[in-house]
Amino acid sequence: MTSRIQSASPAGGHGNGSGQPPYPAVESPDGLAAVPAAGLGELHDAARRIAANVERVLVGKPDVIRIALVTLLAEGHLLVEDVPGVGKTSLAKALARSIDCTVSRVQFTPDLLPSDVTGVSIYNRQTGEFEFRPGPVFANIVVGDEINRASPKTQSALLECMEEHQVTVDTSTYRLGAPFMVIATQNPIEMEGTYALPEAQRDRFTARVSIGYPDQQAELAMVDEHSGHNPLADLEPVSDGETMLRLIETVRGVHIAPEVRRYAVDVVSATRQVPEIRLGASPRATLHLVRAARAQAALSGRDYVVPDDLHTVAVPVLAHRLVLTTEAHAARRSATDVVRAVLHRLPVPQGSAR
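Note that the structure is predicted; figures quoted are calculated from it, not measured. (Residues numbered from 1 in each chain as written. Predicted model: local features only at pLDDT ≥ 70, side-chain atom pairs only at ≥ 80, totals over all residues. Heavy atoms only, no water.)

## A few points about the overall build of the protein chain
Then, in step 1: Secondary structure summary: the protein chain contains 14 helices and 14 strands in total.
Then, in step 2: The burial tally for the protein chain puts 52% of its 354 residues in the buried class.
Then, in step 3: For the protein chain, contacts bridging at least 24 residues in sequence account for 80% of all contacts bridging at least 6.
Then, in step 4: For the protein chain, the computed accessible surface area is about 16200 Å², with 50% contributed by carbon and sulfur atoms. (Helix = DSSP H or I, 4+ residues; strand = E, 2+ residues; numbered from the N terminus. Buried < 20%, exposed > 50% of the residue type's maximum accessible area, 1.4 Å probe, protein only. Contact = heavy atoms within 4.5 Å. Areas by Shrake-Rupley, 256 points an atom, 1.4 Å probe, with all protein chains shown as cover.)

## Section: unusual backbone geometry
Then, in step 1: Residue Pro179 is bonded to the preceding Ala178 through a cis peptide linkage, with omega at 0°.
Then, in step 2: Position of Pro179 relative to the elements: it lies in the loop between β9 (172-175) and β10 (181-186).
Then, in step 3: Unusually for a residue other than glycine, His165 sits at a positive phi of about 55°.
Then, in step 4: The topology assignment puts His165 in the loop between α6 (159-164) and β8 (166-169).
Then, in step 5: Residues other than glycine seldom take positive phi values, yet Asp170 does so here, at roughly 55°.
Then, in step 6: For Asp170, a relative accessible area of 54% puts it in the exposed group.

## So, the pairing of strand β6 (residues 129-134)
Then, in step 1: In this structure, strand β5 (residues 119-124) lies alongside β6, joined through six bridges in antiparallel fashion. Each bridged residue has a counterpart across the sheet, and for Asn124 the counterpart in β6 is Glu129. (Pairing = 2+ DSSP bridges.)

## With respect to the packing of helix α10 (residues 258-271) against helix α11 (residues 283-299)
Then, in step 1: Following both chains from N to C, one finds α10 and α11 inclined at 135°, their axes separated by 10 Å at the closest point. It follows that α10 is oblique to α11 by the angle criterion. α11 is crossed by α10, and the crossing has right-handed handedness. Every residue of α11 that contacts α10 at Ala264, Val265 and Val268 is listed here: Thr286, Leu289 and Val290.
Then, in step 2: When the residues that make up the contact of α10 with α11 are grouped by side-chain class, the tally is five nonpolar, one polar and no charged. (Axes fitted to C-alpha atoms, helices over the stretch in contact; angles between N-to-C directions. Parallel < 35°, antiparallel > 145°, perpendicular 65-115°, else oblique. Left-handed = near helix turned anticlockwise from the far one by under 90°. Nonpolar A, V, L, I, M, F, W, Y, C, P; charged D, E, K, R; others polar.)

## Some remarks on the pairing of β10
A regular strand carries its side chains on alternate faces of the sheet.
Then, in step 1: Most of β10 is tucked away: six of the six residues are buried.
Then, in step 2: The two faces of β10 match: Met181, Ile183 and Thr185 on one face and Val182, Ala184 and Gln186 on the other face are all buried.
Then, in step 3: Two elements, strand β2 (residues 78-81) and β10, share four bridges in a ladder whose sense is parallel. Residue Leu79 lies in a different strand from β10, and its bridge partner there is Ala184.
Then, in step 4: Bridge count between strand β7 (residues 141-145) and β10: four bridges; the pairing is parallel. In the sheet register, Gly144 faces β10, and the bridge partner there is Ala184.

## Remarks on the packing of aromatic side chains
Then, in step 1: Per the counting criterion, the structure on display carries four aromatic pairs.
Then, in step 2: Ring plane angle 65° and centroid distance 5.3 Å describe the contact between Tyr123 and Phe130, whose orientation is recorded as edge-to-face.
Then, in step 3: Among the residues examined, Tyr123 registers a relative accessible area of 45% and is labelled partly exposed.
Then, in step 4: Relative accessible area serves as the criterion here: at 60%, Phe130 is assigned to the exposed category.
Then, in step 5: With centroids separated by 5.7 Å and ring planes inclined at 65°, the aromatic side chains of Phe132 and Phe138 adopt a geometry described as edge-to-face.
Then, in step 6: According to the relative accessible area criterion, Phe132 is buried, its value standing at 2%. (Phe/Tyr/Trp six-rings, centres within 6.5 Å; stacked < 30°, edge-to-face > 60°.)

Listed below in structure tokens is the structure:
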């Protein structure tokens, strides 16, 4: 298998001259209606292969890689936030290259325009008509590098495609293929030349992870293995888009008991009542939390969700959506602290998860 990776350039090179996406568009609203589910054993094997592939590039960060896999299986989008040089882009590219599907990469810069992301209509002199040239967002996996270096106007070009899996240009709507995932990296807002992501943009990312600095042993292993060779150059796909659709359908079928569903709602609702929080998690966050918990359960070999699954994914799914008050910032409280406090305070449902 060979991964079809495209380097995104502004408004060109992605169309086929017919006004259609560069791969067959999905007719079903959810893109998965006719896809048979895989077994949990197949899901576990595929996830293990992808994780091992990514670990060749990102050494010593298994928890980060697991959250990335959870997000992929939960039909979500991943935001990787950290300081420069810790492997944000390497994680995104390694995950994309591990799956044999269409991949594009967008380097976000202050002068990037929305049409450079979604595509643009170009006048054809021969036919006398406008033709739509799809932008880099028309791919199964879109890697957005340093997304918060672009203006909010350009960032907003991703809002429709991330939520509705479609793009509207000049009154025409184009469906995106399935699977579809945005993996975006961003630098902390304290860095020069960055814009804070709008709340609407952050809320569309299922999870946020921070890679952090490696420990000395992992960094030494990285120096030994990577200093003379780039492992991304030899990374081969270990799965494909069709397999990922079957795995996603399996995750959709993971059972979540009414008590656990109620617990998920209680956790999200509690974030709206904390005094340190100016803006709590949205109902969309509840849906993302449940989907991520299903994926976490499936990766653990279970076809049902337990409260521990919600605990495992709660911080990555909820923390980046919360807006703290000025007093909380002054007290050096973080959104992660608030989510953990909520989990500690709420009673965990007892009884069978099935």
